[in-house]
Protein chains: 2
Amino acid sequence: MSQISNYIFDEISIGQTATYSRLIGEKEVLLFAAASGDVNPVHLDAEFAAGTIFKERIAHGMMSGAIISAAIALELPGPGSIYLGQSLRFRLPVKIGDELTAQLEVTSKREDRKWITLDCVVINQHGKTVTSGTAEVMPPAEKLIIDRPPLPSFQLEL
Amino acid sequence: MSQISNYIFDEISIGQTATYSRLIGEKEVLLFAAASGDVNPVHLDAEFAAGTIFKERIAHGMMSGAIISAAIALELPGPGSIYLGQSLRFRLPVKIGDELTAQLEVTSKREDRKWITLDCVVINQHGKTVTSGTAEVMPPAEKLIIDRPPLPSFQLEL
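The rules behind these values
Residues numbered from 1 in each chain as written. Chains lettered and ligands numbered in written order. Predicted model: local features only at pLDDT ≥ 70, side-chain atom pairs only at ≥ 80, totals over all residues. Heavy atoms only, no water. Buried < 20%, exposed > 50% of the residue type's maximum accessible area, 1.4 Å probe, protein only. Helix = DSSP H or I, 4+ residues; strand = E, 2+ residues; numbered from the N terminus. Contact = heavy atoms within 4.5 Å. Buried area = accessible area lost by both parts, 1.4 Å probe. Salt bridge = Lys/Arg side-chain N within 4 Å of Asp/Glu carboxyl O. Polar contact = N/O pair within 3.5 Å; in protein donor to acceptor, adjacent residues only side chain to side chain. Nonpolar A, V, L, I, M, F, W, Y, C, P; charged D, E, K, R; others polar. Pairing = 2+ DSSP bridges.

Q: Describe helix α1 (residues 26-36) of chain B, and please don't skip the residues or the numbers.
A: The periodicity of an α-helix, 3.6 residues per turn, causes residues three or four positions apart to be oriented the same way. All names here are of chain B. Judged by how many residues are buried, α1 sits mostly within the fold: 9 of 11 residues are covered. Buried within α1 we find Glu 28, Val 29, Leu 30, Leu 31, Phe 32, Ala 33, Ala 34, Ala 35 and Ser 36. Gly 37 sits one or two positions beyond α1 and adopts a positive phi of about 80°.

Here it is as structure tokens:
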């Protein structure tokens, strides 16, 4: 079983980076709809989506937020972090089948509160920025190296 | 079948409100993990979570972002909206079984760009604010009243 680890405040330096990638396929979009209840037809209905500015189905914009959140939770600073805030600017649509990569970079450390600021960019497989923003995070108080929990597995019911 | 409708820019007034509620149960948390790949054990592993500041498993913070996004996509302005940006401040943890309600209020209309700004608050079933923020949205260009797509149904594979 693979493991995940974290960085405590004192181990983090300005300029430190991390990435997290995920393929956003048909199933991921339907899972996101099922989790959030967001059945906006631009995500679910190909015929409806064909008549929109996007011309085809797209992923939920907040999927990029979820990918940034996963990067923070799993990579930098990792498990035990407390997520304080996030800004997001949705720049380009995410198409079904796009591979997204969240790129994080530490831009500031606030010694008094033990918070850090991360610059967050999500790019697609063409290297285009689809979403950008800034996160504020309190890194974990305790160093951890733990087994990576298995991804829950779901079957679509037709 | 129920229907969803939207508000075009000229139909929207400052102070206009909408709400969207969703129960965040065990299944929704696992669906969010499966969609995003975020297997942070604070969301999935009760034993690990018991040793954290939260004392029990909590939902992903970005679930609140997904609930706000659903409120924008389904209620105000509704389908056909273009989501431009979102800020989020995570104030309290969301526990498994909490019922979240996103409350939206239009706070400004920008006539030149046809954008609106929405104040966004997510409260739990105790009326406590778990997340707050601001959204920037371009309302739909065209009035729509459409059938609400069914929520995708998934079965957890154990």
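Q: Would you mind going over the interface of chain A and chain B in detail, with residue names and values included?
A: Every contact between the two is made by 53 residues of chain A and, on the other side, 53 residues of chain B. Taken together, both faces of the contact between chain A and chain B bury some 4,700 Å²; the carbon and sulfur share is 66%. Inspection of the region where chain A meets chain B yields 2 salt bridges. For the salt bridge of Glu 136 of chain B with Arg 89 of chain A, the shortest nitrogen-to-oxygen distance reads 3.0 Å. Between chain A and chain B we count 19 residue pairs in polar contact (both at pLDDT 80 or more) in total. Taken together, the elements giving at least two residues each to the side of chain A that touches chain B come down to β2 (17-24), α1 (26-36), α2 (41-44), α4 (62-74), β3 (82-90) and β8 (153-157) of chain A. Of the residues belonging to the side of chain A that touches chain B, the class tally is 35 nonpolar, 10 polar and 8 charged. In this sheet, strand β3 (residues 82-90) of chain B lies alongside β3 of chain A in antiparallel orientation, the contact comprising 5 bridges.

Everything listed here is a matter of coordinates, which is why it stays silent on function.
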